[in-house]
Amino acid sequence: MTDTTPDTPPRSATFTTHSPATGTALAEHPVDGPQRIAHAVAQARKVQADWAALPASRRRDQLLRWKRALASDLDTVARTIAEETGKPPGDAALEVVLTLEHLGWAARNAERVLRRRRVGTGVFTVHQRASLVHRPLGVVGVIGPWNYPCYTPMGSIGYALAAGNAVVFKPSELTPGTGVLLAELFDAAVPAHAGLLATVTGAAATGEALARSGVDKLAFTGSPGTARKVMAVCAETLTPFLAECGGKDAVIVTADADLDAAADAIVWGALSNAGQTCAGVERVYAVREIHEALCERVVARAGKLRPGAESGAAYGPMTLPGQIGIVERHVTGAVSSGARALLGGPESIQAPYVTPVVLSDVPENAAAMTEETFGPVVAINAVADVDEAVSRANDSRYSLGAAVFCRNRRAGAAIAARLRAGAVSVNSVLGFAAVPALPFGGSQDSGFGRIHGEEGLRAFTSVQSTTVQRFTPPIALTSFEVPAAARERAVRLARALHRRR
Ligand code: NAD
């Protein structure tokens, strides 16, 4: 948090971030506790009042200034992301580009989506003019993950700011530098509203303090286990909560699909960012006729890819050291329960790297099929037909994203409509994530609520409904003065109308 006013509570403890690739220390960051967070929220609340009072067009212009600053400083932001996560610089740059797309959309569309609009009235309310408006909540707390430390939290931050709120952001303890930089760039680009986006740093205790701080909504992105804990804290004060959690995304490949295109997309969806993508590809259901041909193509492509820190590496190390044990458990568990390792296997785990693993015939009850692996591992199972593929894809406690590969686009869209996922791409993977107008989010263990798009703007507002009486109604039903006979006539009229409609 950048605030330095005299009453700012002091910071004592710090923590150090490390490069996941080399283990070298990167930076020291404060461990912010309840006092610092209370201060950040109070400061943000002061700044928010002026921000919310601005005409929407002024807020748009200010946010676009910040966007331009981020674009100008894209290299610095990408370098910070790459250092903290270990992902290749090109991937980090792409993450910033996606962030800019979303921020621009949120800034440009907030006025249209949230402005006051008239709604129709009924037979007995013709005397009213009815309208609704979406108003900012106040201060939104955002708790972010480490895998996309800029793009993912910006799905909440950018949209919450565009809707007229202030934001107090707690980035992951693995990627605090990216969060601090976002707030610094905001303050530099929009000095008149400095502090509207404040970053606080620390681990679980800092996140918990933010959840307890009296923010008007908490937008959380992370694992379902942590979401449950944070939601329990929010429940104490009825703080509204939005949860963007993990995934176990399935891809369905039909008999007539373009197998080269499907293999190319599956390999990227499963292995990019070392498989550490909430809506990355983890399960593939391919109809039996083309299963072997698809596996061959996936293995041929994945076999050429190597993780590393040098330029030309396809992806980087596992960012969270503890995740390597989970990946190992899933791969060894699958192989020991009868899965075929078509590429790699338990020997692929070479911390901090994991080389690509392609599995087939994985028992559906293996952890590799039921739990989020979050590593460069993909399981490709054969199914009898599309019906079985849909039923297996839907048989998961996660439901975030999915993809369908099918030559006939209309048939692909029909399969997509049968999937329980919050977002589905036909003939691509993760196509939805790059379209800012499309809401993003899941259900069950993938969380609830939506970020991005119109729903993502409305998520950070409360709606106020208003009626303005235009004239005195002939029968005033909300008065003790109405004669009983008039009331009865109104009921008779209503009954007659509703019987016919
Ligand atoms: P995590 O659950 O370990 O941590 C997420 C955030 O919560 C971190 O900032 C962490 O410090 C904080 N936190 C931890 N304990 C807390 C507590 N008790 N109270 C308050 N805050 C607490 O998740 P992670 O390892 O950082 O991220 C990976 C997970 O995030 C994966 O499951 C991934 O699928 C998911 N994810 C989801 C999306 C999405 O949009 N659905 C996007 C990216 C990542």
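Residues numbered from 1 in each chain as written. Predicted model: local features only at pLDDT ≥ 70, side-chain atom pairs only at ≥ 80, totals over all residues. Heavy atoms only, no water.

Peer 1: Mind laying out the overall build of the chain, listing which residues take part and the relevant values?
Peer 2: Broken down by element type, the chain carries 16 helices and 22 strands. Relative to its length of 501 residues, the chain is compact, with a C-alpha radius of gyration of 26 Å against a globular reference of 23 Å. Overall, the C-alpha framework of the chain stretches about 85 × 65 × 40 Å when taken along its three principal axes. Put simply, the chain has 501 residues, and 54% of those count as buried. Of the contacts formed within the chain by residues at least 6 apart in sequence, a portion of 72% connects residues at least 24 apart. As presented, the chain carries roughly 21300 Å² of accessible surface, and 54% of it is formed by carbon and sulfur atoms. (Helix = DSSP H or I, 4+ residues; strand = E, 2+ residues; numbered from the N terminus. Rg over C-alpha atoms; globule rule 2.2 N^0.38 Å. Buried < 20%, exposed > 50% of the residue type's maximum accessible area, 1.4 Å probe, protein only. Contact = heavy atoms within 4.5 Å. Areas by Shrake-Rupley, 256 points an atom, 1.4 Å probe, with all protein chains shown as cover.)

Peer 1: Requested: an account of the side chain of Ser 396, with residues and values cited.
Peer 2: As for its placement among the helices and strands, Ser 396 is situated in the loop between helix H13 (386-394) and strand S17 (398-399). One polar contact links the side chain of Ser 396 to the main-chain amide nitrogen of Tyr 398, over a distance of 3.0 Å. The contact partners of Ser 396, leaving out residues within four places of it in the chain, are Lys 248, Arg 283, Arg 420 and Gln 444. (Polar contact = N/O pair within 3.5 Å; in protein donor to acceptor, adjacent residues only side chain to side chain.)

Peer 1: Now, about the side chain of Gln 276: what can you tell me, with residues and values included?
Peer 2: If you trace the backbone, Gln 276 turns up in the loop between helix H9 (259-271) and strand S11 (281-287). A residue is classified by how much of its surface remains accessible, and Gln 276, at 1% relative accessible area, is buried. Beyond its immediate stretch of four places on either side in the chain, Gln 276 contacts Trp 146, Asn 147, Tyr 148, Pro 317, Met 318, Thr 319, Leu 320 and Phe 374.

Peer 1: Let's hear about the site of the ligand: which residues, and what values?
Peer 2: Near the ligand lie 28 residues; those nearest to it are Trp 146, Glu 173, Ser 223, Thr 226 and Glu 372. One of the side-chain nitrogen or oxygen atoms of Ser 223 is found 2.6 Å away from an oxygen atom of the ligand. A distance of 2.7 Å is found between a nitrogen atom of the ligand and a backbone nitrogen or oxygen belonging to Cys 245. Counting residues per element, the ones that place at least two in the shell around the ligand are helix H7 (204-211), strand S8 (217-221) and helix H8 (224-237). (Near = heavy atom within 4 Å.)

Peer 1: Explain the environment of Gly 280 to me, using residue names and the numbers behind them.
Peer 2: Looking at the element boundaries, Gly 280 is found in the loop between H9 and S11. Look past the residues within four positions of Gly 280 in its chain and what remains in contact with it is Asp 249 and Gly 269.

Peer 1: Provide a residue-level description of the pairing of S11, including the pertinent values.
Peer 2: With seven of its seven residues buried, S11 lies for the most part within the structure. Handedness of the strand S10 (residues 249-253)-H9-S11 crossover: right-handed. Where S11 meets strand S16 (residues 377-383), five bridges bridge the pair, whose relative direction is parallel. The partner of Arg 283 across the bridge, within S16, is Ala 379. (Right-handed = clockwise from strand over helix to strand, strands pointing away. Pairing = 2+ DSSP bridges.)

Peer 1: Help me get a handle on the pattern of salt bridges, residues and values and all.
Peer 2: Scanning the entire structure with this criterion turns up 19 salt bridges. A salt bridge links Arg 340 to Asp 361, with the shortest nitrogen-to-oxygen separation between them at 2.8 Å. Of the two residues, Arg 340 is situated in strand S12 (residues 340-343) and Asp 361 in the loop between strand S15 (357-360) and helix H12 (367-370); the sequence distance between them amounts to 21 residues. Notably, a salt bridge pairs Arg 458 with Glu 454, separated by 3.0 Å at the nearest N-O pair. Placement of both Arg 458 and Glu 454 in helix H15 (residues 453-458) is noted, with a separation of four residues, approximately one turn of the helix. (Salt bridge = Lys/Arg side-chain N within 4 Å of Asp/Glu carboxyl O.)

Peer 1: Lay out the domain arrangement of the chain in plain terms, naming residues and giving numbers.
Peer 2: On domain assignment, one finds that the chain holds domain 1 (14-245) and domain 2 (249-437). Placing a centre on the C-alpha atoms of domain 1 and another on those of domain 2 gives a separation of 30 Å. At the junction of the two partners, domain 1 supplies 20 residues and domain 2 supplies 23 residues. Where domain 1 abuts domain 2, roughly 1700 Å² becomes buried across the two surfaces, and 62% of that area is made up of carbon and sulfur atoms. When the buried area of domain 1 at its contact with domain 2 is split by residue, Pro 20, Trp 146 and Tyr 148 rank highest and sum to 27% of it. Between domain 1 and domain 2 we count eight residue pairs in polar contact (both at pLDDT 80 or more) in total. Those elements that place two or more of their residues in the side of domain 1 that touches domain 2 are helix H3 (74-85), helix H4 (89-114) and helix H5 (151-162). Grouping the constituent residues of the side of domain 1 that touches domain 2 by class yields twelve nonpolar, four polar and four charged. (Domains from an automatic or database assignment. Buried area = accessible area lost by both parts, 1.4 Å probe. Nonpolar A, V, L, I, M, F, W, Y, C, P; charged D, E, K, R; others polar.)

Peer 1: Before we move on, can you summarise helix H11 (residues 321-336) with the specific residues and values?
Peer 2: Across its 16 residues, H11 extends 24 Å between first and last C-alpha, which sits within 8% of the 22 Å expected from 1.5 Å per residue. If you check which residues of H11 are buried, you get Gln 323, Ile 324, Val 327, His 330, Val 331 and Ala 334. An end-on view of H11 places all buried positions within 130° of arc, on one side of the element. More than 90 degrees from the buried face of H11, the exposed residues found are Pro 321, Gly 322 and Ser 336. Summarising the contacts, the buried residues of H11 are in contact with strand S13 (349-350), strand S14 (353-354), S15, H12 and S16. Gly 338, located one to two residues past H11, shows a positive phi value of around 110°. (Expected span 1.5 Å × (residues − 1). Arc of directions from axis to C-beta.)

Peer 1: Explain the sheet that holds strand S22 (residues 461-469) residue by residue, including any values.
Peer 2: Two orientations exist for strands paired in a sheet by backbone hydrogen bonds: parallel and antiparallel. As summarised here, the arrangement of the three strands in space is S3-S4-S22, forming an open sheet in which the pairing is antiparallel. The two strands at the open ends of the sheet, each matched to only one other strand, are strand S3 (117-119) and S22. Ignoring which end each strand starts from, the neighbouring axes of this sheet average 30° apart. Sheet topology note: the strand S4 (residues 128-136)/S22 ladder contains nine bridges and is antiparallel. When the bridges of S22 are listed, Arg 129 appears paired with Val 468. (Axes fitted to C-alpha atoms, helices over the stretch in contact; angles between N-to-C directions.)

Peer 1: So what about the sheet that holds strand S7 (residues 197-199)? Which residues, and what values?
Peer 2: As summarised here, the arrangement of the six strands in space is S7-S6-S5-S8-S9-S21, forming an open sheet in which the pairing is mixed. Pairing within the sheet leaves two strands with one partner each, and these edge strands are S7 and strand S21 (447-448). As defined by bridge partners, strand S6 (residues 166-170) adjoins S7 across three bridges and the pair is classed as parallel. If you follow Val 168 over to S7, its bridge partner there is Ala 198. Set on the sheet, helix H1 (residues 34-53) makes contact with strand S5 (139-143) and S6; between it and S6 the angle comes to about 155°. On top of the sheet, H5 reaches S5, S6, S7 and S8; it is set at about 165° to S6, its chief contact.

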